[in-house]
Amino acid sequence: MVSIVVHDLLAAGPRLLSSDSNTEEPVVPWNIDTVVSELREARGRTKRVIQAGNRRAPLPSPEKLQQAIQGIYASLFPRHAGAFDHSDEGIAFFVGNTLNAALHILLDQVRREHAFVDETRASHESSLSAEEIVTAFSRELPQIYELLESDIRAAYEGDPSAKSTEEVLLSFPGIKAIVHHRVAHALHLLGSPVVARIIAELAHSQTGIDIHPGAKIGGSFFIDHGTGVVIGETAVIGQRVRIYQAVTLGAKRFSVDEGGALVKGEPRHPIVEDDVVIYAGATILGRITIGRGSSIGGNIWLTRSVPPNSNVVQAQARTETFDHGSGI
Ligand SMILES: CC(=O)OC[C@H](N)C(=O)O
């Protein structure tokens, strides 16, 4: 291993140095052996649930799950995903091939999750095998498709800027987020919560919309714009709910057990009943209920339940002078 002093490295600029111009072997300025051994020591110093050396099975892969979700999307919406033969046979052929490939990837990822859970000796949330989970998931696809069709209609009917349902499906971030969510939620319930969480995070990173796979969301759901939306694990959302960017359906406090450890999975996020609209930036916290038909205004901070048909609005803004910074 060649070691190079820092001033040599700086003098070289962005080029990698070669200590011997006759040799073809690429020379790197860092000392990889040192970094590898220091990283190993750092891993040894940290307290981990899994001891180094115990882990054998490969972990679930976000890249593979991205491929799986693309295949699932293509199977649900073949025309939008590039199927070129639109005859019944052509679509069936496209869907069969695409879905089969996607389900195989998914199966491998669910197996990886189960192997990883077994290694950590945590209890499985589900008694189903990976094969049973993916098979059951495949049978839920028609129902997921119908829910997504209702979401696409809700976006088209709820947004004057939407000129067609094709535009909605191909370009709206709220639709991308709910496609991922409905797939992730099914896998979460069937017993693959880590795979589900990775799928949710793929949508989060692509859209800025963070929906935990545990959240229960009814049909005709529309998130407009979406950036900064957060929907927590135990949130329950009814039918025909519309929300705007930067809305949070979050927890207010975390319970702890006698040992001071956080209690996991406790209901702690809001219940939003049917036909509610929540405008941009509203923060709704705790296991409270927003009654059906309510409107929650922008930037509201809400930690108490409101009855059906409430209109919750912010205190009125006042005018101020901005001379010499006053009022800021
Ligand atoms: C959305 C939210 O409340 O996040 C806080 C924490 N992650 C939880 O699940 O409670």
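Residues numbered from 1 in each chain as written. Predicted model: local features only at pLDDT ≥ 70, side-chain atom pairs only at ≥ 80, totals over all residues. Heavy atoms only, no water.

Trainee: How would you summarise the packing of helix H7 (residues 173-190) against helix H8 (residues 193-207) if you had to cite specific residues and measurements?
Mentor: The contact between H7 and H8 brings their axes to 8 Å, and the two run at 175°. In this view, H7 runs roughly antiparallel relative to H8, as classed from their interaxial angle. Residues Pro 173, Lys 176, Ala 177, His 180, Val 183, Ala 184, Leu 187 and His 188 of H7 touch H8, and the partners they reach there are Pro 193, Val 195, Ala 196, Ile 199, Ala 200, Leu 202, Ala 203, Gln 206 and Thr 207. Of the residues that constitute the contact of H7 with H8, the class distribution is twelve nonpolar, four polar and one charged. (Axes fitted to C-alpha atoms, helices over the stretch in contact; angles between N-to-C directions. Helix = DSSP H or I, 4+ residues; strand = E, 2+ residues; numbered from the N terminus. Parallel < 35°, antiparallel > 145°, perpendicular 65-115°, else oblique. Contact = heavy atoms within 4.5 Å. Nonpolar A, V, L, I, M, F, W, Y, C, P; charged D, E, K, R; others polar.)

Trainee: If you had to explain the pattern of salt bridges to someone new, which residues and values would you point to?
Mentor: Between side chains of opposite charge, a pair can form as their charged atoms come close. Enumeration over the complete set of coordinates arrives at eight salt bridges. Close ionic contact of Arg 318 with Glu 320 constitutes a salt bridge, the shortest N to O distance being 2.8 Å. Given the relative accessible area of 66%, Arg 318 is considered exposed. (Salt bridge = Lys/Arg side-chain N within 4 Å of Asp/Glu carboxyl O. Buried < 20%, exposed > 50% of the residue type's maximum accessible area, 1.4 Å probe, protein only.)

Trainee: Lay out the sheet that holds strand S6 (residues 242-243) with the relevant residues and their values.
Mentor: Taken together, five strands build an open sheet; the order of strands is S3-S6-S9-S12-S14 and the sheet is parallel. Every other strand in the sheet has two partners, leaving strand S3 (222-223) and strand S14 (311-312) as the edge strands with one partner each. Across two bridges, strand S12 (residues 295-296) lies against S14 in parallel orientation. Within S14, the position partnered with Ile 296 by the bridge is Val 312. (Pairing = 2+ DSSP bridges.)

Trainee: Break down the packing of aromatic side chains for me, citing the residues and quoting the values.
Mentor: Counting across every chain of the model gives four aromatic pairs. The interplanar angle of 45° and the centroid separation of 5.7 Å between the aromatic rings of Phe 77 and Tyr 145 together place this pair among those described as tilted. Placement of the pair is Phe 77 in the loop between helix H3 (62-76) and helix H4 (88-120) and Tyr 145 in helix H5 (residues 130-158), with a sequence separation of 68 residues. You can call Phe 77 buried: its relative accessible area is 4%. Among the aromatic residues, ring-to-ring pairing joins Tyr 73, Phe 77 and Tyr 145 into one connected group. (Phe/Tyr/Trp six-rings, centres within 6.5 Å; stacked < 30°, edge-to-face > 60°.)

Trainee: Mind laying out the side chain of His 269, listing which residues take part and the relevant values?
Mentor: Its location among the elements puts His 269 in the loop between strand S7 (248-250) and strand S8 (271-272). In this structure the side chain of His 269 is engaged in a polar contact, spanning 3.5 Å, whose partner is the backbone nitrogen of Glu 233. Look past the residues within four positions of His 269 in its chain and what remains in contact with it is Gly 232, Glu 233, Thr 234, Ala 235, Leu 249, Gly 250, Ala 251, Gly 286 and Arg 287. (Polar contact = N/O pair within 3.5 Å; in protein donor to acceptor, adjacent residues only side chain to side chain.)

Trainee: Give a detailed account of the sheet that holds strand S11 (residues 289-290), specifying residues and quantitative values.
Mentor: Reading across from one edge, S2-S5-S8-S11 is the order of the four strands in this open sheet, with parallel pairing throughout. At either margin of the open sheet sits one strand with a lone partner, and together these are strand S2 (216-217) and S11. As defined by bridge partners, S2 adjoins strand S5 (residues 236-237) across two bridges and the pair is classed as parallel. Paired with Ile 217 across the two strands is Ile 237, which belongs to S5.

Trainee: Report on the domain arrangement of the protein, specifying residues and quantitative values.
Mentor: For the protein, the assigned domains read domain 1 (22-210) and domain 2 (228-328). Taking the mean C-alpha position of each, domain 1 and domain 2 sit 29 Å from one another. Contact with domain 1, which involves four residues of that partner, is made by five residues of domain 2. Roughly 360 Å² is buried in total at the junction of domain 1 and domain 2, and carbon and sulfur atoms are behind 42% of that figure. Here domain 1 is connected to domain 2 by three residue pairs in polar contact (both at pLDDT 80 or more). In the side of domain 1 that touches domain 2, the residues fall into one nonpolar, two polar and one charged. (Domains from an automatic or database assignment. Buried area = accessible area lost by both parts, 1.4 Å probe.)

Trainee: Break down the environment of Gln 70 for me, citing the residues and quoting the values.
Mentor: Mapped onto the elements, Gln 70 comes out in helix H3. Sequence spacing of Gln 70 and His 212 is 142 residues, and the spatial spacing of their C-alpha atoms is 19 Å.

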